[in-house]
Amino acid sequence: MSRVNTVLGPIPTEELGLVAVHEHIGYGMPGSELDTKWWRSPEQRYEETVPKLRAFHEHAEAYGGGTFVDVTGICNGRDVDYYRSLSAKTGVHIVACTGFVGGDTALPHFAAADVDYLTRQFVHEITVGIGGTGALAGVIKVGVSRGGRMTELDKRIYRAAARASLATGVPILTHLAIDAENAVAIFREEGLPLHRVLFGHVDDGVNAEKTRDVWIAEQGGRIGFDTFGYETELPDPPFWARPRRERLEHFLRFIGDGRITQVLASADANCSPLGWPGVKGHTVNYIFDDLLPDLRGAGLSEAAIRTVFVENPADFLTIQK
Ligand SMILES: [Zn+2]
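Residues numbered from 1 in each chain as written. Predicted model: local features only at pLDDT ≥ 70, side-chain atom pairs only at ≥ 80, totals over all residues. Heavy atoms only, no water.

1. Brief notes about the overall build of the protein chain
From N to C terminus, the protein chain includes ten helices and eleven strands. For the protein chain, the spread of C-alpha atoms along the principal axes amounts to about 50 × 45 × 45 Å. The burial tally for the protein chain puts 61% of its 321 residues in the buried class. Long-range pairs, those at least 24 residues apart, make up 78% of the contacts in the protein chain with a sequence separation of at least 6. Total accessible area on the protein chain stands at roughly 12,300 Å², and carbon and sulfur atoms take up 53% of it. Charge-centre separation for the protein chain: the mean point of 32 positive side chains lies 3 Å from the mean point of 42 negative side chains. (Helix = DSSP H or I, 4+ residues; strand = E, 2+ residues; numbered from the N terminus. Buried < 20%, exposed > 50% of the residue type's maximum accessible area, 1.4 Å probe, protein only. Contact = heavy atoms within 4.5 Å. Areas by Shrake-Rupley, 256 points an atom, 1.4 Å probe, with all protein chains shown as cover. Lys, Arg positive; Asp, Glu negative; His and termini not counted. Charge placed at Lys NZ, Arg CZ, Asp CG, Glu CD.)

What follows is the structure, given as structure tokens:
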């Protein structure tokens, strides 16, 4: 049986429904828990998060359910017991990740670790559990550190992720798709098929011009248009903002070239950010409130929408050994 690891246990792939593949329950930089200014109490976090997940669940019912992939890595406030409680209360499937958002968010303990150690850590979280929760990670997060080029630590994390992916069958999702030549080289050296990797953030306002999305797709990688909702039209335009129309046209251009089976889409929003004020006016429900209407308005069929939000993520997330 094909299955996917969620925080409440493995589920059959067919039960995923509509998938938001790159989201955050609550993301914070390492150490943000020490900041007394922005830290939210458990009550505040539930209050802010539950209505968003309930709305997501209701919207997703038309697709047979909804899955929220939390790609908050180790050291960034990942809190699996909290996710389990949210999933049980709202009915949303939540997939947690192992791995790191980027080398620059790994605390010194992990930053000093070698590839073998990191591989064992990732495999443990996928096959035994995250901390003492018993919940199994369903994806591996890797990323490019600030600065635009992969650091030596980023490369160690990518290599460990490739080995953990091959050992467990769980896929890899990247933060940023810049410097992709180095990433592709590492995955090739390790023998990981590139359809097990989702290269994320090809559409963000800062990197869209320098991201070689077509080239990555030609190599066989999956492409993440996953910062929908970061718009220059917002009153307080966030980092990564881009004109709404421009991002949409980028997406339509890309899938129009016969690449729709390689594309996944998401909003990269925070339900309740940790240690920072967060992005205002943009939640995971942007997918239903704005993106799907925009796609339908542009003439995309319901079948095409299912390909992007149901079938592609199901194929990607399914454990493949
Ligand atoms: Zn993210």
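2. Here we look at the UniProt feature "binding site: Zn(2+) 2" (unreviewed entry) in the protein chain
In the numbering used here, UniProt assigns the "binding site: Zn(2+) 2" (unreviewed entry) feature to Lys141, His175 and His201. With the annotated positions falling across 61 residues, the maximum pairwise C-alpha distance of 12.9 Å places them together in a single cluster. For Lys141, the location among the structural elements is in strand E7 (residues 139–143). Owing to a relative accessible area of 1%, Lys141 belongs among the buried residues under this scheme. Ignoring any residue separated from it by four or fewer positions in sequence, one finds Lys141 in contact with His22, His24, Val71, Cys97, Thr98, Gly99, Phe100, Val101, Leu173, Thr174 and His175. For Lys141, the side chain forms a polar contact with the main-chain oxygen of Val71, separated by 2.9 Å. (UniProt positions renumbered as here; feature names shortened; annotations may be inferred. Polar contact = N/O pair within 3.5 Å; in protein donor to acceptor, adjacent residues only side chain to side chain.)

3. A few points about the sheet that holds E7
With parallel pairing, the six strands of this open sheet are ordered in space as E6-E7-E8-E9-E10-E11. At either margin of the open sheet sits one strand with a lone partner, and together these are strand E6 (97–99) and strand E11 (263–265). The mean inter-strand angle of the sheet, taken between neighbouring strand axes irrespective of direction, is 30°. Relative to strand E10 (residues 222–225), strand E9 (residues 197–199) runs parallel, the two sharing two bridges. Bridge assignment links Phe199 to a residue of E10, and that residue is Ile223. Together, E6 and E7 form the strand contacts of helix H4 (residues 115–127), whose direction differs from that of E6 by roughly 170°. (Pairing = 2+ DSSP bridges. Axes fitted to C-alpha atoms, helices over the stretch in contact; angles between N-to-C directions.)

4. A short note on the pairing of E10
On E10, burial covers both faces: Arg222 and Gly224 on one face and Ile223 and Phe225 on the other are all buried. Here E10 runs beside E11; their pairing, made up of three bridges, is parallel. When the sheet's bridge partners are listed, Gly224 is paired in E11 with Leu264. Crossover handedness for the path E10 to helix H8 (residues 244–259) to E11: right-handed. (Right-handed = clockwise from strand over helix to strand, strands pointing away.)

5. Things to note about the nonpolar core
Membership of the largest hydrophobic core comes to 85 residues, with the highest contact counts inside it found for Ile25, Ile94, Phe100, Phe122, Phe187 and Phe309. Those residues in contact with Phe309 that sit more than four places away from it in its chain are Gly17, Leu18, Val19, Ala265, Ile287, Leu291, Leu292 and Leu295. (Core = buried A, V, L, I, M, F, W, Y, C linked by side-chain atoms within 4.5 Å.)

6. Focus: the packing of aromatic side chains
Given two aromatic rings, their pairing is described by the distance between the two centres and the angle made by the two planes. Counted by the stated rule, this structure contains 13 aromatic pairs. Judged by centre distance (5.3 Å) and plane angle (55°), the rings of Phe100 and Phe110 are tilted. You can see Phe100 sitting in the loop between E6 and helix H3 (108–111) and its partner Phe110 sitting in helix H3, a full ten residues away along the chain. Take Phe100 and Phe110: they sit in the same class, and that class is buried. Taking the centre distance of 5.6 Å and the plane angle of 80° together, the rings of Phe228 and Phe251 count as edge-to-face. Separated by 23 residues along the polypeptide, Phe228 in the loop between E10 and H8 and Phe251 in helix H8 bring together distant segments of the chain. A relative accessible area of 3% means that Phe228 is categorised as buried. Residue classification places Phe251 among the buried residues on the basis of a relative accessible area of 1%. Members of the aromatic cluster, connected to one another through ring pairs, are Phe225, Phe228, Phe251 and Phe254. A cation over a ring is seen here: Arg45 above Tyr82, with NZ or CZ 4.3 Å from the ring centre. (Phe/Tyr/Trp six-rings, centres within 6.5 Å; stacked < 30°, edge-to-face > 60°. Lys NZ or Arg CZ within 6 Å of the ring centre and 35° of its normal.)

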